[in-house]
Amino acid sequence: QVQLVESGGGLVQAGGSLRLSCAASGRTFSSYAMGWFRQAPGKEREFVAGIYRSGGRTYADSVKGRFTISRDNAKNTVYLQMNSLKPEDTAVYYCAAGRGILTTTSVDYFGQGTQVTVSS
């Protein structure tokens, strides 16, 4: 069992930055692929970024060049640095853990989510 707790969300103006953190419980953190998903009102949850055991990273096209995912296995924590934020980035952001390629249907664990609101 893995528990994920997100922090770092908030209200920011367009063009600003936020850093999300996700603290994971359990001794097997390093064996999981970790990622971030988001869900805007009235929309389906979507993949944002993933970081794998190999260190490889993947990003949604909508955030490439603006968001950076990283992980610290010693601290059981994954981060999402979000720069040049846009109003369309407004959503609840969820931390995720899984054993393989991260998709909304393959994730083993989701956190409770943290709200990110970008004002224009």
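Residues numbered from 1 in each chain as written. Predicted model: local features only at pLDDT ≥ 70, side-chain atom pairs only at ≥ 80, totals over all residues. Heavy atoms only, no water.

A.B. asks: What's the story with the packing of aromatic side chains in this structure? I'm lost.
C.D. replies: When we look at a pair of aromatic rings, we describe it by the centre distance and by the angle of the planes. One pass over the structure, following the stated rule, counts four aromatic pairs. Judged by centre distance (6.1 Å) and plane angle (65°), the rings of Tyr32 and Tyr109 are edge-to-face. One end of the pair, Tyr32, is in the loop between strand E3 (18-24) and strand E4 (33-39); the other, Tyr109, is in strand E10 (residues 109-110), and 77 residues separate them in sequence. You'll find Tyr32 and Tyr109 in the same group, each marked buried. Ring geometry for Tyr94 and Phe110: centres 6.4 Å apart, planes at 75°, overall edge-to-face. Note that Tyr94 is positioned in strand E9 (residues 91-98) and Phe110 in strand E10, a separation of 16 residues in sequence. Accessibility expressed as a relative area gives 13% for Tyr94, which makes it buried. Through a chain of ring-to-ring contacts, three or more aromatic side chains come together here, namely Phe37, Phe47, Tyr94 and Phe110. In this structure, Arg45 packs its charged tip against the face of Tyr94, placed 3.7 Å from the ring centre. For the cation-ring pair, Arg71 lies above Phe29, with the distance from its terminal atom to the ring centre recorded as 4.7 Å. (Phe/Tyr/Trp six-rings, centres within 6.5 Å; stacked < 30°, edge-to-face > 60°. Helix = DSSP H or I, 4+ residues; strand = E, 2+ residues; numbered from the N terminus. Buried < 20%, exposed > 50% of the residue type's maximum accessible area, 1.4 Å probe, protein only. Lys NZ or Arg CZ within 6 Å of the ring centre and 35° of its normal.)

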